[in-house]
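# Summary of structural features
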Amino acid sequence: MEYSRMILVALLLSVSIGIVMAEDPYLFFDWKVTYGTIAPLGVPQQGILINGQFPGPKINCTSNNNIVVNVFNFLDEPLLLTWGGVQQRKNSWQDGTPGTMCPILPGQNYTYHFQVKDQIGSYFYFPTTGLHRASGGIGMLQIHSRDLIPVPFDTPADEFAVILGDWYNKGHKTLKRLLDSGRSIGKPDGVVINGKSGKVGDLNVEPLAVMEAGKTYRFRVCNAGLKNSINFRLQGHTLTLVELEGSHTVQNVYDSIDLHVGQCMSVLVTANRPPKDYYFVASSRFARRPDVAVSVVRYANGNGPASPVLPAAPSENSAGIAWSMNQFRSFRWNLTASAARPNPQGSYHYGKIDITRTIKITNTRSVVGGKLRFGINGVSHVDTETPLKLAEYFGMSDKVFQYDLVKDEPAASTAPLVVAPSVVNAVFRNFVEIVFENHEKTIQTWHLDGYSFFAVAIEPGRWTPDKRKLYNLQDAVSRHTIHVYPNSWAAVMTTLDNAGMWNLRSDMWERTYLGQQMYLSVLSPAKSLRDEYNIPEAQQLCGIVKGLPKPTPYAGT
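About the thresholds
- Residues numbered from 1 in each chain as written.
- Predicted model: local features only at pLDDT ≥ 70, side-chain atom pairs only at ≥ 80, totals over all residues.
- Heavy atoms only, no water.
- Buried < 20%, exposed > 50% of the residue type's maximum accessible area, 1.4 Å probe, protein only.
- Helix = DSSP H or I, 4+ residues; strand = E, 2+ residues; numbered from the N terminus.
- Pairing = 2+ DSSP bridges.
- Phe/Tyr/Trp six-rings, centres within 6.5 Å; stacked < 30°, edge-to-face > 60°.
- Axes fitted to C-alpha atoms, helices over the stretch in contact; angles between N-to-C directions.
- pLDDT = per-residue confidence, 0-100.
- Contact = heavy atoms within 4.5 Å.
- Salt bridge = Lys/Arg side-chain N within 4 Å of Asp/Glu carboxyl O.
- Disulfide = S-S within 2.5 Å.
- Polar contact = N/O pair within 3.5 Å; in protein donor to acceptor, adjacent residues only side chain to side chain.
- Expected span 1.5 Å × (residues − 1).
- Arc of directions from axis to C-beta.

### Examining the pairing of strand β28 (residues 444-448)
Of all five residues making up β28, five are buried, and the element is well covered by its neighbours. Of the two faces of β28, the one carrying Gln 444, Trp 446 and Leu 448 and the one carrying Thr 445 and His 447 are both buried. Bridge count for β28 against strand β31 (residues 481-484) is four bridges, and the pairing is antiparallel. When the sheet's bridge partners are listed, His 447 is paired in β31 with Thr 481. Note that β28 and strand β33 (residues 500-506) share three bridges and pair antiparallel. Bridged to Trp 446 within β33 is Ser 506.

Now the structure itself:
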């Protein structure tokens, strides 16, 4: 009897260990990237489609899922896709930027494999090569909480993916030629909602969403454009903000919200108006003549078209910037929500961590050799044939780039702009403060791959150390993009605990393409699998490392 009981206990232990050690679920996708004719603003042009779709297929997953995307490139140019603000923990190999990966050549394929570890929220994927983002290849990536993790609002009746953006009627090749010739791509031609512009009074349209009276719905909204901030609103309804770039927020209610380039958020909408059609409105911000797009939100069994009188946008003058800045200040992290926390655990007490390094960044605009260039602290980045991460991993970085051309303080305004690959050495697990100072008359947006940071302040004027007294050190939202208003500054804080090579860039893609980006090299001294994954077996090699044997893999767990 005792022996049987021992066998039973052993079996139960074996089963429980197997459950604990079971790998998280996998989701598999096969994507064919092709050209196809699209007309977002009514003008036919060559677009970039994924499986024949624009926007591309939605990735709908759950925290900790493994995502496997096999991408076939049927374009006539090299291609890379990146996954927005999804943190590739220990895995910059899959980040999808020219500084970390060889591009997928025409007629070839590559399989991305990454895990959405300890993450929730709304994101979008897009191409990082050339100006491809201007022609499509964009789609929504949404990560749900696991069933065991409480969400701080009732389960919505349904949810809708909404990708906003400015749009150019010129194709990506034409826009690239303009930039390569030294000119600017100028002002966008309009605004689109899920690839369409929409017209007031058009009755023969497919609705953006269908709601039933009395129910509440989640709208996941991203700004995937190239240049313009966008304000969105829903006629006759209020918007309750519940998630911002992967963080649950204090649930404030707004009539309209400014969404800057590269940013995503979720709002709840309750269908509490008379059953009919209503316009979802998106308009460009901080422009002399804002572009406007509309889409229909329909009540099931509704009766009547949407009113042609659209809800007003916020002011577009300096008062409008103050309005937008105050709205940013109202965004607060929901510290009582049960959700994934940023790593390392406990860093949400960020206000009590000593700053080990301050990097102050100014955006640089200059003409070099008769051509327009943008930069960071006097350095304008250029991509190299050998990805920077590969050069570093193979011990050949000295043949490809020089570390630390960008200094922690901006260069003198009279110094000539240096055009070169830009990589900054960063100490693993340092707690850093990054200050973005914008001396220009246009709004800027910045993004850091591989990390979330605490957006502690946006204020007018110039930054000085005493401005730290203005920081929100309690409940600033953990996010991955930050905007900087004209003649203003923004400050963020983060722990550099994610080993790899990570892209810090302007999210205004004209600026990114012309050099307003750099890479942070975050190396773990231990060279252990605990800190960073080995290079994938199937990883493509190119440039000076093509055909070389791979270095000794990292050891440990």
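### Some details on the packing of aromatic side chains
To describe a pair of aromatic rings, one takes the distance between the centres and the angle between the planes. In total, this model carries 27 aromatic pairs according to the counting rule given. For the pair Phe 232 and Phe 280, a centre-to-centre distance of 5.8 Å together with 10 degrees between the ring planes defines the contact as stacked. Of the two residues, Phe 232 sits in strand β13 (residues 230-234) while Phe 280 sits in strand β19 (residues 277-284), which places them 48 residues apart along the sequence. For the residue pair Phe 232 and Phe 280, the accessibility class agrees, reading buried in each case. Relative to Phe 454, the ring of Tyr 350 has its centre 4.2 Å away and its plane inclined at 15 degrees; by these criteria the two rings are stacked.

### As for the sheet that holds strand β5 (residues 81-82)
An order of β3-β8-β7-β5 is seen for the four strands of this open sheet, with the pairing classed as mixed. On the outer flanks of this sheet lie β3 (59-62) and β5, each paired with one strand and no other. As paired elements, strand β7 (residues 121-127) and strand β8 (residues 139-144) share five bridges and run antiparallel to each other. Following the sheet pairing, Phe 124 is matched in β8 by Met 140.

### Here's the deal with unusual backbone geometry
Cis rather than trans, the peptide bond between Phe 54 and Pro 55 has omega equal to -10 degrees. You can see Pro 55 is positioned in the loop between β2 (45-50) and β3. Even without a glycine there, the phi angle at Lys 527 is positive, about 45 degrees. By the element assignment, Lys 527 lies in the segment after β34 (517-523).

### Thoughts on the sheet that holds strand β1 (residues 26-38)
Spatially, the four strands line up as an open sheet ordered β2-β1-β4-β6, and their pairing is mixed. Among the strands making up the open sheet, the edge pair consists of β2 and β6 (109-115). Recorded for the sheet is a direction-independent mean angle of 20 degrees between the axes of neighbouring strands. Two strands pair when backbone bridges link them, and β1 and strand β4 (residues 66-73) are joined in this way by eight bridges, in the parallel orientation. If you follow Phe 28 over to β4, its bridge partner there is Val 68.

### Some words on the confidence of the model for the chain
For the chain, the mean per-residue pLDDT works out to 92, and 94% of the residues sit at or above 70. Predicted confidence is poor over residues 1-21, with pLDDT under 50, and the contacts of this stretch with residues over four places away or in other chains come to zero contacts.

### As for the pattern of salt bridges
Proximity of charged atoms lets side chains of opposite charge pair with each other. Summed over the entire model, instances satisfying the criterion amount to 24 salt bridges. We note a salt bridge from Asp 531 to Arg 530, for which the minimum N-O separation is 3.2 Å. Since its relative accessible area comes to 45%, Arg 530 is described here as partly exposed.

### With respect to the state of the cysteines
Evaluation of the coordinates by the stated rule reveals two disulfides. A sulfur-sulfur distance of 2.1 Å marks the disulfide that ties Cys 102 to Cys 542. Across the S-S bond linking Cys 102 and Cys 542, the dihedral sits near -95 degrees, which makes this disulfide left-handed. On the criterion of sequence distance, the pair formed by Cys 102 in the loop between β5 and β6 and Cys 542 in the segment after β34 is long-range, its members being 440 residues apart.

### A short note on the side chain of Ser 506
Relative to the helices and strands, Ser 506 is located in strand β33. With residues up to four places along the chain from it excluded, the contact list for Ser 506 reads Thr 445, Trp 446, Arg 511, Thr 512 and Gln 516.

### Some details on the pairing of β13
Within β13, five of the five residues are buried, leaving the element largely enclosed by the surrounding structure. Going residue by residue along β13, you find Ile 230, Phe 232 and Leu 234 tucked away on one face and Asn 231 and Arg 233 tucked away on the opposite face as well. Of the strand pairs in this sheet, β13 and strand β17 (residues 257-259) are connected by three bridges, and their pairing is antiparallel. Residue pairing in the sheet places Phe 232 in a bridge with Ile 257 of β17. Both β13 and β19 contribute to a ladder of five bridges, which runs antiparallel. Counted as the bridge partner of Asn 231 is Ser 283 from β19.

### Observations regarding the environment of Ser 307
One can find Ser 307 in the loop between β20 (292-299) and α3 (318-330). The residues touching Ser 307, leaving out its near neighbours within four places in the chain, are Gln 235, Lys 276 and Tyr 279. Polar contacts involving the side chain of Ser 307 include one to the main-chain amide nitrogen of Val 309, which spans 3.2 Å.

### Structural notes on α3
Along its 13 residues, α3 runs 19 Å from first to last C-alpha, staying within 8% of the 18 Å computed at 1.5 Å per residue. Along α3, the residues that are buried comprise Gly 320, Ser 324, Met 325, Gln 327 and Phe 328. Projected down its long axis, α3 shows its buried positions confined to an angular sector of 155 degrees, all on one face. On its buried face, α3 sits against β16 (253-254), β17, β29 (453-460), β30 (478-479), β31 and β32 (488-495).

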